[in-house]
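Structural overview
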Amino acid sequence: MTFVLTGWMLYTMWVLFGLMGLSFLLGLYRALVDNKFSSSLFLDYLKDVLYYVLPLFVLANIVSLDYTGYLLLGAYYVGAFGVALKYLGDMKRKL
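These lines cover the structure that appears in this document, whether it is placed above or below. (Residues numbered from 1 in each chain as written. Predicted model: local features only at pLDDT ≥ 70, side-chain atom pairs only at ≥ 80, totals over all residues. Heavy atoms only, no water.)

Here the focus is the overall build of the protein chain. Check the secondary structure of the protein chain and you find three helices and zero strands. When the helices and strands of the protein chain are listed from N to C terminus, the series reads α-α-α. Seen through its principal axes, the protein chain has C-alpha atoms that stretch 55 × 20 × 15 Å. By sequence separation, contacts in the protein chain at least 24 residues apart represent 74% of the contacts at least 6 residues apart. When the accessible surface of the protein chain is split by element, carbon and sulfur atoms take 72% of a total near 6500 Å². Across the protein chain, the mean location of the 7 positive side-chain charges is 9 Å away from that of the 5 negative side-chain charges. (Helix = DSSP H or I, 4+ residues; strand = E, 2+ residues; numbered from the N terminus. Contact = heavy atoms within 4.5 Å. Areas by Shrake-Rupley, 256 points an atom, 1.4 Å probe, with all protein chains shown as cover. Lys, Arg positive; Asp, Glu negative; His and termini not counted. Charge placed at Lys NZ, Arg CZ, Asp CG, Glu CD.)

Right, here's the structure in full:
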């Protein structure tokens, strides 16, 4: 089994990492302005990679096992959409 993000799956992952990066920079700016800088800022994003992004990579890896070709792909996109909404909501709260 090989791990390949193809087509829209790759673009979806780019969007997720872009939103994570923007949210991190906004949180870092907010922490520096409010003088509340702590290591939990970094640890929260590492935790999010483990809890949200790693399962998407696992789904992408086992998509070849799906005989319909659409069930796991749909789960991947629904999960990615949920993660994107989470980060958009987080950025809205930080502003």
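What follows deals with the pattern of salt bridges. Where side chains of opposite charge bring their charged atoms close, a pairing between them can arise. Throughout the structure, instances matching the rule amount to three salt bridges. The partner of D48 in a salt bridge is K86, and the shortest N-O contact between them spans 3.8 Å. Of this pair, D48 sits in helix 2 (residues 40-61) while K86 sits in helix 3 (residues 71-94), and the two are 38 residues apart along the sequence. Accessibility expressed as a relative area gives 9% for D48, which makes it buried. Close ionic contact of K86 with D90 constitutes a salt bridge, the shortest N to O distance being 2.6 Å. With K86 and D90 both in helix 3 and four residues apart, the pair spans about one turn of that helix. Classification of D90 by relative accessible area gives buried; the value is 16%. A single network of salt bridges, built from pairs that share partners, joins D48, K86, D90 and R93. (Salt bridge = Lys/Arg side-chain N within 4 Å of Asp/Glu carboxyl O. Buried < 20%, exposed > 50% of the residue type's maximum accessible area, 1.4 Å probe, protein only.)

Its volume calculated, the largest pocket comes out at about 150 Å³. Every residue lining the largest pocket is counted, 14 residues in all, and those nearest its centre are S40, L41, D44, Y45 and K94. Within the residue set of the lining of the largest pocket, elements represented by two or more residues are helix 1 (8-34), helix 2 and helix 3. Considering every element that reaches the lining of the largest pocket, the biggest residue donor is helix 2, with five residues. When the residues that make up the lining of the largest pocket are grouped by side-chain class, the tally is four nonpolar, four polar and six charged. (1 Å grid on protein atoms, 1.4 Å probe; cavity = no way out; pocket = protein on both sides within 12 Å on 5 of 7 lines; lining within 4 Å. Points joined across faces, edges and corners; volume = space filled by probe spheres on them. Nonpolar A, V, L, I, M, F, W, Y, C, P; charged D, E, K, R; others polar.)

For the pair helix 1 and helix 3, interaxial distance at closest approach is 10 Å and the crossing angle is 20°. Overall, the two elements helix 1 and helix 3 adopt an arrangement that is roughly parallel. Handedness of the crossing formed by helix 1 with helix 3: left-handed. Across the interface between the two elements, W8, M9, T12, M13, L16, L19, M20, L22, S23, L26, G27 and R30 of helix 1 pack against L73, Y76, Y77, A80, V83, A84, Y87, L88, D90, M91 and K94 of helix 3. Residue composition of the contact of helix 1 with helix 3, by class: 17 nonpolar, three polar and three charged. (Axes fitted to C-alpha atoms, helices over the stretch in contact; angles between N-to-C directions. Parallel < 35°, antiparallel > 145°, perpendicular 65-115°, else oblique. Left-handed = near helix turned anticlockwise from the far one by under 90°.)

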